[in-house]
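Fold and contact review
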Amino acid sequence: MKKICAWLLILFLIPLSGCAAADGEITVMATFYPVYVLAENVLYGVPGVRLQSMTPPTAGCLHDYQLLTSDMRALASAKALLCNGAGMESFLGDVVAQYPDLVLVDCSQGVTLLKDQEEDGHGEYNPHIWLAAKNAARMAENIRSAMAALLPEAADQINENAAAYTRRLLALDAELQESIDCLPRKTIVTFHEAFPYFAQAYGLEVAAVVALEPDEPISPRMLAQVVAKVKAAGSPPLFAEPQYENAALQAVAQETGAPVYELDPLVTGDGALTAYEDTMRKNLRVLQEALGDTKINQ
């Protein structure tokens, strides 16, 4: 496992050209995996650009992420920083103060944000915006606009890349909408607050959330409350996430008899150009199994 993580980290430190940054190249950094995947599609093959993820592709969601010394060193040589926005990166104030000339691109601009639960530590809004394909397309457009302005000599290629990627994302969005709309059941229980945008976009109802913060233990009182909600909803499927331990979710399954599946919030991966579509289609297949015509033992 350590070897795999090391190779993934090396992958994300390699520039798009496949070699070390040369004189005259600029470094564009993405804060974490989903932003990186969107950006690599927009910037694919653009000369003079080195795209790098600030955090390794195994970092997951940036819940309470604290900047490392290595992060600050990397940002010192960067021309632009692509961030998710919507409160995901609580450290941005420190970055702006330290590097006032850094071009900061907020990929959440133009996305209709959903209110977060008060207990969640992110802030006023839920930041998991990329999990609706139309939002991902909007994020890619924000990257395109900023990068075309930053690199006017490469604007045509950036615009072409973004247009092609947007078509793919919107086709994916239509596929998800049509496929999920046909499912006879629409109620789910998620591990943490990663899927409100997905649920809203594709007509699902999140009956309960097991953990507000994925890395924090759940108290017996909170567990009992979740169990009650799940039972009241008829024990719909529970969805774990591959990036996190799911002992609390397994406890809910034991208490309610609800089946357990897995949805990927797309915060880790191999960085393939098709990673977004591949993961979302994998999630679709899981939902079709969990909510489809095949009878689920409840």
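What comes next is a walk through the structure.

Observations regarding the pattern of salt bridges
All chains considered together, the criterion is met by four salt bridges. Taking the shortest distance from any N to any O, the salt bridge between Glu124 and Lys115 comes out at 2.4 Å. Since its relative accessible area comes to 58%, Lys115 is described here as exposed. The residue Glu277 makes a salt bridge to Arg168 at a minimum N-O spacing of 2.6 Å. Of the two residues, Glu277 sits in helix α10 (residues 275-291) while Arg168 sits in helix α6 (residues 155-181), which places them 109 residues apart along the sequence. Arg168 sits in the partly exposed class, given a relative accessible area of 31%.

Describing the sheet that holds strand β6 (residues 205-209)
If you walk across this open sheet you meet the four strands as β6-β5-β7-β8, and the pairing is parallel. Each edge of the sheet is formed by a strand with only one pairing partner; in this case those strands are β6 and β8 (260-262). Each strand of the sheet is rotated relative to its neighbour by a mean of 35°, with strand direction disregarded. Relative to β8, strand β7 (residues 238-240) is paired through three bridges, and the arrangement is parallel. Looking at the pairing, Ala240 lines up with Glu262 of β8. Helix α8 (residues 220-232) contacts β5 (187-190), β6 and β7 of the sheet and is inclined by roughly 150° relative to β6. Against the sheet, α10 makes contact with β5, β7 and β8, and its axis sits at roughly 165° relative to β8, the strand it touches most.

Here we look at the nonpolar core
Core analysis: the biggest nonpolar cluster contains 100 residues, and Met147, Tyr276 and Leu287 have the highest contact counts within it. Among the elements that take part in this core, helix α5 (residues 133-150) stands out by supplying nine residues, more than any other. Among all residues touching Met147, those that are not within four sequence positions of it are Val28, Leu43, Ala80, Leu82, Val105 and Ile158.

Topic: the environment of Gln243
Structurally, Gln243 is set in the loop between β7 and α9 (247-256). In this structure, the C-alpha to C-alpha distance between Gln243 and Asp264, residues 21 residues apart in sequence, is 7.9 Å. Residues contacting Gln243, with those up to four places away along its chain left out, are Asp264, Pro265, Leu266, Val267 and Thr268. Looking at Gln243, its side chain comes within polar contact range of the side chain of Asp264, at 2.9 Å. Within the structure, Gln243 has its side chain in polar contact with the side chain of Thr268 (distance 3.0 Å).

Cut-off values and rules
- Residues numbered from 1 in each chain as written.
- Predicted model: local features only at pLDDT ≥ 70, side-chain atom pairs only at ≥ 80, totals over all residues.
- Heavy atoms only, no water.
- Salt bridge = Lys/Arg side-chain N within 4 Å of Asp/Glu carboxyl O.
- Buried < 20%, exposed > 50% of the residue type's maximum accessible area, 1.4 Å probe, protein only.
- Helix = DSSP H or I, 4+ residues; strand = E, 2+ residues; numbered from the N terminus.
- Pairing = 2+ DSSP bridges.
- Axes fitted to C-alpha atoms, helices over the stretch in contact; angles between N-to-C directions.
- Contact = heavy atoms within 4.5 Å.
- Core = buried A, V, L, I, M, F, W, Y, C linked by side-chain atoms within 4.5 Å.
- Polar contact = N/O pair within 3.5 Å; in protein donor to acceptor, adjacent residues only side chain to side chain.

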